Amino acid sequence: MEFIWKIGGEAGMGIMASGLTMCKAFTRGGLSAVGYPEYPSLVRGGENTFQIRVGEDVHAPLKKNHLVVCLNRPTVDFHREQVYENGAIIYDSSATKIEPGEFGADKALLDVPLLRLATDNGGDVIMRNTVALGASIAFMGYDISLLEQVLAETFARKGQQVVDQNVKIARAGHDYMLHNYKAQMESFKFKIRKKSDSRKMVISGNEAIALGAAAGGLKLFSAYPMTPSSSIMHYIAQKELDFDIIMKQTEDEIAAVQYAIGANFAGVRAATATSGGGFSLMAESLGLSALSETPVTIFLAQRPGPSTCLPTWTEQADLKFALNASQGEFLRIVLAPGDMHECFHYAARALNLADKYQLPVILLSDKYLSETFFSCAKFDMGVKIERGKMITKDMKPLPLNARYKRYLITKDGISPRPIPGVIGGEHVSGSYEHFENGYSAETFSVRAAMVDKRMRKINSILKEDFEMPKLYGAEDAELTLICWGSHKGIALEAAKILNSEGMKVNVLHFVFLFPLDAKNLKKLFRKLNRTVMVENNRTSQLAGVLKEYAGFRPDFKLLKYDGRQFFPEEIASEVKKLKEKNWKGKKEIHVIDNLPYDYLQAGKVER
Amino acid sequence: MSSIQELTTKEKPQWCPGCGNFGLHMALKGALSELGIPKEKTVLVSGVGCSGKASHYINTYGFESLHGRSVTVASGVKLANHGLTVIAEGGDGDGYGIGSAHFLHSFRRNIDLTYIVHDNSIYGLTTGQASPTSQHGMKTKSTPHGNLEMQFNPLAVAIAAGGTFVARVFAGDMAHMKEVFKQALQHKGFALVDVLQPCVTFNKLNTFAWWQQRVYKLESAGHDPKNKAAAMEKAFEEMSSNYSKIPTGVFYKEERPTYVDESPQLASGPLIGHAVKSAEIEKAFEEFM
Ligand SMILES: Cc1ncc(C[n+]2csc(CCOP(=O)(O)OP(=O)(O)O)c2C)c(N)n1
Ligand SMILES: [Mg+2]
């Protein structure tokens, strides 16, 4: 049982809110949903869509749809080839013209007076979406009461009257469908039914990261808006009083990361979030964190680059940037969660690691993971906060006879770190190379010893905290899809397709991207059969990193860099083609979507 | 309370003999000592430049940040623990050049910091290029044919940007410096003290004697620091008098709630002591259902 529903219109029509409501209605029926928004970088106009794939256990969107709600003409054009055979289209002929047969004779064209039903029932134009939700639910055979529940809770704050009106309008769409399209409903074979009553969350990657950070003891969050990281800021800002967190919007990203470094120096857990452009501005401070050994956590939500590029689309092309940003050689930890639980868990973990190793930690997501909604079980609050070797006022007093050695050379490279307020801990931290007591050093041996001390932390990281990439599926698979971060669910779904067609495919997913345990990785790679690297970038950055650190070369590379993430069926289809060619085809395959439309212009590309 | 001696580290200052930084730091330590501010509860954040080493010579907590970024780290420290006395220091290039965005926004934000700018009208540490406060026409290593840009007016900008404590002192007058530092440290809000000082090595124009002949004290001229219009006028006097009269002292002072005062989260005490709101966070999970 699986159903893919999509709604499209222009920015400002409330596409996102409608999609989210629908996601919740599905999730409450014991189903699993992925809510995937697409939108260009503008505030009004353009083509905005929200797609929901719903089933028993789904982890990524697919390209095609069973039922598409077209609120404007571009949605028709953009989706002419994107509806499954015998699928259906809901539209309102008073606003959108569709020629019979435009989608093919097999499709049901359902003209529903969305605008009229909204206004006749006392709503305004924007509520045509609610009519469409009701009509959609009727057509797919789902339970309208679940939608009513969600509407009631969403609008509860606005009073019973608003709730009643929304419910009435959703009902109007639902009933219109039942009365006018009975025959079409009966011959429409795709259905989705409620499974059970369920209480699961519907959450995006950024919200999961924000919650994970809060649960991990985040107390100060400083940031500058940049898509697709901004919703972390928005969520924390909205919750700052409840969670007792200071959310500080700064004048730029330099200040954002600097405030976080200052707060961490003073002993308060602090983090920032940004995308590539802002991370570029933070680069110098990344080194400041490393040299001064002041913890800092950066949530880096990637979008296509270089420069401003495609602000609202996705790419995984900042891995090497995250690994190498800032001058000099220093250690940092780079993590890339792959699903909502991992976003939550690793956001908290990042704060722990930053404190424990006194260095910068970067958590990589991307537009796809950060802004896509998934149903998932409630998070487990069991987050243990570990501050490492931080010294606070309530601990054993420090001796007062000598200048405190903030950068004491230790076996594990980590030195105890008193925070301001601790008597006897007075010292200077900073950007200059130093002696153990923090004073500037231009002695070669001291310089080298300090480089070694900072680098030495890698041993404990690998021994105590590193996590090997996880292998999902049969150990003896004939082929392994290798991916990182956001592409976990996508690769798992691709493997599922391939396995259902008789292949034996598993998935190797990396969260811990740096540092890497070369020895154990080499062992693991030797056990794999044929390997296909799946990366949302042009140069297969993880393959480069694995070659450098573990001498590994994948057999094939599947790459996509057109602004969208992979769709599972694209991976499956390319793997099948490779197999058909008896694995003798090209080693590097670029997957590009040839849809001839432009989301910004919301029209056909004619250039 | 810490004595000047206790506030002095054993590190040998690397400033040129005769540099204004010596007097400046003596005055600052004097101010801290007289105000009885404990050294372990003081954080001095410096930028990069000759002033950058300031955090090494004072026996408080110190943080040597990046060039232009002392106010930013200092702001993070203060928001994290507003029980601390937080001082930011930097040069004129540091604060008015590379860090100018932070400088500008600090005034409207009004976080309770004392910001001391070592204003020697030159880039000292990098051996003598023009700075934002170098005079028009001034010859430096980077402007050998004369500086084509107008001098930056930090005081006027500070007042216009919403500054609540705007002062200028001359590094040649220790007693006055200490007095103004004390007022700045006691001011609730962001306090700017621009310190006019020669660079004995690279600034051949604005020497000790040059300043000495021109500076006068606003206190003795009957200036009312609550009068914003008068403060603005005084801020322009240096230029309008064609450098014949340079006022020093507190130009402008205003009581306005600080950023911390207006943050409801901080009403119960410094952020550092706050617990994780686990129950609230768990409750928030429900809102996603
Ligand atoms: C990002 C960056 N750019 C340039 C420098 C080099 N630099 C160090 S100090 C300085 C200028 C110092 O001038 P000022 O701030 O006036 O301080 P002074 O030395 O005069 O006290 C420069 C350009 C640097 N450290 N970092
Ligand atoms: Mg200077």
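Engineer: Sorry if this is basic, but what is going on with the overall build of chain A here?
Structural biologist: Counting its secondary structure elements, chain A contains 19 helices and 26 strands. Taking 25 Å as the expected radius of gyration for a compact globule of 607 residues, we find that chain A reaches 26 Å, a close match to that expectation. Counting only C-alpha atoms, chain A reaches 90 × 65 × 50 Å along its principal axes. Taking the intrachain contacts of chain A between residues at least 6 apart in sequence as the baseline, contacts between residues at least 24 apart amount to 75%. For chain A, the exposed area adds up to about 22400 Å²; of that, 51% sits on carbon and sulfur atoms. Considering chain A, the positive charge centre built from 77 side chains and the negative charge centre built from 70 side chains are found 4 Å apart.

Engineer: Any chance you could explain the interface of chain B and chain A here in plain terms?
Structural biologist: Often the size quoted for an interface is simply the accessible area lost on bringing the parts together. The partner chain A presents 68 residues to the 55 residues of chain B that form the contact. Roughly 5300 Å² of surface becomes buried between chain B and chain A when both sides are summed, with 64% attributable to carbon and sulfur atoms. Considering only the side of chain B, the residues that lose the most area to chain A are Tyr 61, Phe 288 and Met 289 of chain B, jointly responsible for 17% of the buried surface there. Linking chain B with chain A are five salt bridges. In this structure, the salt-bridge partner of Arg 199 of chain A is Glu 286 of chain B, at a minimum N-O distance of 3.7 Å. Along the contact surface separating chain B from chain A lie 25 residue pairs in polar contact (both at pLDDT 80 or more). Elements represented by at least two residues in the side of chain B that touches chain A include exactly helix H2 (54–57), strand S2 (61–64), helix H3 (70–80), helix H5 (100–109) and helix H11 (278–286) of chain B. Among the residues forming the side of chain B that touches chain A, the class breakdown is 25 nonpolar, 17 polar and 13 charged. Inspection of the sheet shows strand S17 (residues 428–430) of chain A paired to S2 of chain B by three bridges, in the parallel sense. Bridge pairing links Val 428 of chain A to Gly 62 of chain B in S2 of chain B.

Engineer: Explain the sheet that holds strand S7 (residues 215–217) of chain B here, please?
Structural biologist: Strand pairs in the sheet, formed through backbone hydrogen bonds, run parallel or antiparallel to each other. If you trace the nine strands from one edge of the open sheet to the other, you get S17(A)-S2(B)-S1(B)-S3(B)-S4(B)-S6(B)-S5(B)-S8(B)-S7(B), paired in mixed fashion. Every other strand in the sheet has two partners, leaving S17 of chain A together with S7 of chain B as the edge strands with one partner each. Between one strand and the next, the sheet's axes are offset by a mean angle of 20°, whatever the strand orientation. Strand direction decides the pairing type here: strand S1 (residues 42–46) of chain B and strand S3 (residues 85–91) of chain B, joined by five bridges, are parallel. Within S3 of chain B, the residue paired with Ser 46 of chain B across the bridge is Glu 89 of chain B. Against the sheet, helix H10 (residues 253–265) of chain A contacts S17 of chain A together with S1 and S2 of chain B, and its axis sits at roughly 155° relative to S2 of chain B. Those strands touched by helix H7 (residues 174–186) of chain B are S3, strand S4 (114–119), strand S5 (165–170), strand S6 (191–196), S7 and strand S8 (246–253) of chain B, and its axis lies near 165° from that of S5 of chain B.

Engineer: What is the right way to read the confidence of the model for chain B from this model?
Structural biologist: The predicted coordinates of low-pLDDT regions are not to be read in fine detail. Looking at chain B, pLDDT values average 97 and 100% of them are 70 or higher. Scored as a whole, the predicted complex attains pTM 0.98, and scored at its interfaces, ipTM 0.98.

Engineer: Would you mind going over the pattern of salt bridges with me for this structure?
Structural biologist: Any two side chains of opposite charge can pair, so long as their charged atoms come close to each other. Inspection of the entire model under this criterion finds 54 salt bridges over all chains. Residue Lys 39 of chain B pairs with Glu 426 of chain A through a salt bridge whose shortest N-O separation is 3.5 Å. Highlighted residues: Lys 39 of chain B in the loop between helix H1 (20–35) and S1 and Glu 426 of chain A in the loop between strand S16 (417–418) and S17, drawn from two different chains. Glu 433 of chain A is the partner of Arg 454 of chain A in a salt bridge, and the nearest nitrogen-oxygen pair spans 2.9 Å. Here the residue Arg 454 of chain A occupies a position in helix H15 (residues 444–465), and Glu 433 of chain A occupies one in the loop between S17 and H15, the gap between them amounting to 21 residues. Both residues of the pair, Arg 454 of chain A and Glu 433 of chain A, count as buried.

Engineer: Even after reading the chapter, I still don't get the environment of Lys 53 of chain B, so can you show me in this structure?
Structural biologist: Relative to the helices and strands, Lys 53 of chain B resides in the loop between S1 and H2. The class for Lys 53 of chain B is buried, based on a relative accessible area of 10%. C-alpha separation for the pair Lys 53 of chain B and Trp 15 of chain B, spaced 38 residues apart in sequence, amounts to 8.8 Å. Discounting chain neighbours no more than four positions away, the residues touching Lys 53 of chain B are Tyr 432 and Ser 440 of chain A together with Gln 14, Trp 15 and Glu 64 of chain B. In terms of polar contacts, Lys 53 of chain B uses its side chain to reach the side chain of Ser 440 of chain A, at 3.4 Å.

Engineer: Where do I start with the coordination of the magnesium ion (ligand 2) in this structure?
Structural biologist: Each pair of donors in an ideal octahedron of six around a metal sits at 90 or 180 degrees, and each pair in an ideal tetrahedron of four sits at 109.5 degrees. Residue and element names in this part refer to chain B. Surrounding the magnesium ion (ligand 2) are the protein donor atoms Asp 92 (OD), Asn 120 (OD1) and Ile 122 (O), which sit 2.0 to 2.2 Å from the metal. Every donor residue of the magnesium ion (ligand 2) comes from the same chain, spaced as D-x27-N-x1-I. Taken together, the positions of Asp 92 in helix H4 (residues 92–98) and Ile 122 in the loop between S4 and helix H6 (154–160) put the pair 30 residues apart, joining distant regions of the chain. Taken as a pair, Asp 92 and Ile 122 share a single burial class, namely buried.

Engineer: Which parts of the structure should I look at to understand the site of ligand 1?
Structural biologist: The environment of ligand 1 is made up of 17 residues, and the closest members are Cys 50, Asp 92, Asp 94, Gly 124 and Leu 125 of chain B. More than one chain approaches ligand 1, the contributing ones being chains A and B. Within the backbone of Cys 50 of chain B, one N or O atom sits 2.8 Å away from an oxygen atom of ligand 1. One of the backbone nitrogen or oxygen atoms of Leu 125 of chain B is found 2.9 Å away from an oxygen atom of ligand 1. Its free accessible area being 590 Å², ligand 1 has 76% of it covered by the protein chains.

Engineer: Explain the nonpolar core here, please?
Structural biologist: A general feature of soluble globular proteins is that nonpolar side chains tend to end up buried together. Core analysis: the largest hydrophobic core is formed by 175 residues, its most contacted members being Leu 211, Phe 221, Leu 481 and Phe 510 of chain A. Here this core takes ten residues from helix H13 (residues 340–357) of chain A, the largest share from any one element. Excluding anything up to four places from it in sequence, Leu 211 of chain A contacts Ile 203, Tyr 235, Phe 243, Phe 344 and Phe 379 of chain A together with Ile 281, Ala 284, Phe 285 and Phe 288 of chain B. Counting 54 residues, the second largest nonpolar core, distinct from the first, contains Ala 108, Ala 118, Phe 188 and Ile 192 of chain A.

Engineer: For this particular structure, what's the right way to read helix H9 (residues 230–243) of chain A?
Structural biologist: Note that an α-helix has 3.6 residues per turn; residues three or four places apart therefore point the same way. The terminal C-alpha atoms of H9 of chain A lie 18 Å apart, and with 14 residues this matches the ideal 20 Å at 1.5 Å per residue to within 8%. Maximal helix bending in H9 of chain A amounts to about 35°, located at Ala 237 of chain A. Within the sequence span of H9 of chain A, burial applies to Ser 230, Ile 232, Met 233, Tyr 235, Ile 236, Lys 239 and Phe 243 of chain A. Considering only its buried residues, H9 of chain A is in contact with helix H8 (205–215), strand S8 (220–223), strand S9 (246–249), strand S10 (270–274) and strand S11 (296–302) of chain A together with H11 of chain B. Just beyond H9 of chain A, the residue with positive phi is Asp 244 of chain A, at close to 55°.

Engineer: How should I be thinking about helix H1 (residues 15–28) of chain A in this particular structure?
Structural biologist: Residue and element names in this part refer to chain A. Taking 1.5 Å per residue, 14 residues should reach 20 Å; H1 reaches 20 Å between its end C-alpha atoms and fits that length. Counted residue by residue, H1 has eleven buried out of 14 residues, so it is predominantly covered. Of the residues making up H1, those classed as buried are Ile 15, Ser 18, Gly 19, Thr 21, Met 22, Cys 23, Lys 24, Ala 25, Phe 26, Thr 27 and Arg 28. Count one or two residues on from H1 and you reach Gly 30, which has phi positive near 80°.

Engineer: Sorry if this is basic, but what is going on with the domain arrangement of chain A here?
Structural biologist: Residues and elements named next belong to chain A. By domain assignment, chain A separates into domain 1 (2–199), domain 2 (203–376) and domain 3 (470–591). Inter-centroid distance (C-alpha atoms) of domain 2 to domain 3 is 27 Å. Of the roughly 2200 Å² buried where domain 2 meets domain 3, counting both sides, 62% is carbon and sulfur surface. Contact with domain 3 buries surface across domain 2, with Gln 316, Leu 319 and Tyr 368 losing the most and accounting together for 28% of the total. For Lys 488, the salt bridge goes to Asp 339, with nearest N and O atoms at 2.8 Å.

Rules behind the numbers
- Residues numbered from 1 in each chain as written.
- Chains lettered and ligands numbered in written order.
- Predicted model: local features only at pLDDT ≥ 70, side-chain atom pairs only at ≥ 80, totals over all residues.
- Heavy atoms only, no water.
- Helix = DSSP H or I, 4+ residues; strand = E, 2+ residues; numbered from the N terminus.
- Rg over C-alpha atoms; globule rule 2.2 N^0.38 Å.
- Contact = heavy atoms within 4.5 Å.
- Areas by Shrake-Rupley, 256 points an atom, 1.4 Å probe, with all protein chains shown as cover.
- Lys, Arg positive; Asp, Glu negative; His and termini not counted.
- Charge placed at Lys NZ, Arg CZ, Asp CG, Glu CD.
- Buried area = accessible area lost by both parts, 1.4 Å probe.
- Salt bridge = Lys/Arg side-chain N within 4 Å of Asp/Glu carboxyl O.
- Polar contact = N/O pair within 3.5 Å; in protein donor to acceptor, adjacent residues only side chain to side chain.
- Nonpolar A, V, L, I, M, F, W, Y, C, P; charged D, E, K, R; others polar.
- Pairing = 2+ DSSP bridges.
- Axes fitted to C-alpha atoms, helices over the stretch in contact; angles between N-to-C directions.
- pLDDT = per-residue confidence, 0-100.
- Buried < 20%, exposed > 50% of the residue type's maximum accessible area, 1.4 Å probe, protein only.
- Donors = N, O, S within 2.8 Å, 3.2 Å for Na, K, Ca; no water.
- Near = heavy atom within 4 Å.
- Core = buried A, V, L, I, M, F, W, Y, C linked by side-chain atoms within 4.5 Å.
- Expected span 1.5 Å × (residues − 1).
- Bend = angle between axes of the 7 residues up to and from the residue.
- Domains from an automatic or database assignment.

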